[in-house]
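# Topology and contacts: notes
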Amino acid sequence: MEYQGRVLIADDEEIFLHSTADLLRREGFECDCVLDADAALDKLRNNDYDLLIADIKMPGNPELELVHQLPEVAQGLPVILVTGYPSLRSAIQSVQLPVVAYMVKPIDIDELLGHVRTHTEVSRTYRIVRRTRERIEGYTRDLGQIEQLMRTPVEGAAAAPVEAFMTL
């Protein structure tokens, strides 16, 4: 099966956690599972993921702290929030955060798979664009240094451009 992306699932309800991971693995996704927000943050600091599926009511996440901290540890990472206890307050909070879907347990599997496929693809594309931009910025810096070196007078002027290029 073709690799579809990497997903972190954070939920203290182990049956949901592992059954969701098994389902996604059968669809070609790589999944890591954690039971609380602190463990999720540790994973996010040390690994690249294409998507986070997070329970709202789990240890370390009473006010959606996990999602609030994402820009610092995993900028641009899409989040699907799931809950067995939907409320107007949590729905409104999720709209104000970088959340791509708010789903109520029991989850509609086809709807979940649709969100996961769509948003892992968007996330992977975002990461490719970001890395390409970083490489281009690096090339631009290098070319600026070459230009600067080429402007610097060097004994034996004909060799200056070659020496400048070789220095970099």
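This text goes with the structure placed above it.
Reading the values: the criteria
- Residues numbered from 1 in each chain as written.
- Predicted model: local features only at pLDDT ≥ 70, side-chain atom pairs only at ≥ 80, totals over all residues.
- Heavy atoms only, no water.
- Helix = DSSP H or I, 4+ residues; strand = E, 2+ residues; numbered from the N terminus.
- Expected span 1.5 Å × (residues − 1).
- Buried < 20%, exposed > 50% of the residue type's maximum accessible area, 1.4 Å probe, protein only.
- Polar contact = N/O pair within 3.5 Å; in protein donor to acceptor, adjacent residues only side chain to side chain.
- Contact = heavy atoms within 4.5 Å.
- Core = buried A, V, L, I, M, F, W, Y, C linked by side-chain atoms within 4.5 Å.
- Salt bridge = Lys/Arg side-chain N within 4 Å of Asp/Glu carboxyl O.
- Arc of directions from axis to C-beta.

To continue, consider the environment of G76. Note that G76 resides in the loop between helix 3 (65-73) and strand 4 (79-83). Measuring from C-alpha to C-alpha, the distance between G76 and P98 comes to 8.0 Å, with 22 residues separating the pair along the chain.

In this section: helix 5 (residues 109-151). The end-to-end C-alpha distance of helix 5, which contains 43 residues, comes to 63 Å, matching closely the 63 Å that a straight helix rising 1.5 Å per residue would cover. Of all the residues in helix 5, the buried ones are L112, L113, V116, H119, T120, S123, R127, G138 and I146. The N-cap residue of helix 5 is D108: its side-chain oxygen and the backbone nitrogen of D110 are 3.1 Å apart.

Here we come to unusual backbone geometry. Cis rather than trans, the peptide bond between K105 and P106 has omega equal to 0°. With respect to the helices, strands and loops of the structure, P106 is situated in the loop between strand 5 (99-104) and helix 5. The phi angle at L64 is positive, at roughly 60°, despite the residue not being glycine. Among the structural elements, L64 can be located in the loop between strand 3 (51-55) and helix 3.

As a further point, take the side chain of D11. Residue placement: D11 occurs in the loop between strand 1 (5-10) and helix 1 (14-26). Looking at D11, its side chain comes within polar contact range of the main-chain nitrogen of E13, at 2.7 Å. At 2.7 Å, the side chain of D11 and the side chain of K105 are in polar contact. If we ignore the near neighbours within four places in the chain, the residues touching D11 are F16, L17, V34, L35, D55, M58, V82 and K105.

To continue, consider the nonpolar core. One finds L44, L52, L66 and L81 to be the most contacted residues of the largest nonpolar core, which totals 22 residues. Looking at this core, the elements that each hand over two or more residues are strand 1, helix 2 (37-46), strand 3, helix 3 and strand 4. Broken down by element, the residue count for this core peaks at 4 residues, all from helix 2. Contact partners of L44, with chain neighbours within four places excluded, come to L8, Y49, L52, L66, L70, V73, A74 and L77. Core analysis: the next-biggest nonpolar cluster, separate from the first, contains 19 residues, V7, I9, L23 and F29 among them.

Here we come to the pattern of salt bridges. Taken as a whole and judged by the stated rule, the model has 12 salt bridges. Residues R117 and E27 are paired through a salt bridge, measuring 2.6 Å at the closest nitrogen-oxygen approach. Note that R117 is positioned in helix 5 and E27 in the loop between helix 1 and strand 2 (29-34), a separation of 90 residues in sequence. Note on R117: relative accessible area 41%, which makes it partly exposed. Judged by its relative accessible area of 27%, E27 falls in the partly exposed class.

If you check which residues of helix 3 are buried, you get L66, V67 and L70. What you see down the axis of helix 3 is that its buried residues fit within an arc of 90°, all on one side. Opposite its buried face, helix 3 presents the exposed residues P71 and E72, each directed more than 90 degrees away. In this structure, the buried side of helix 3 is in contact with helix 2, strand 3, strand 4 and strand 5.

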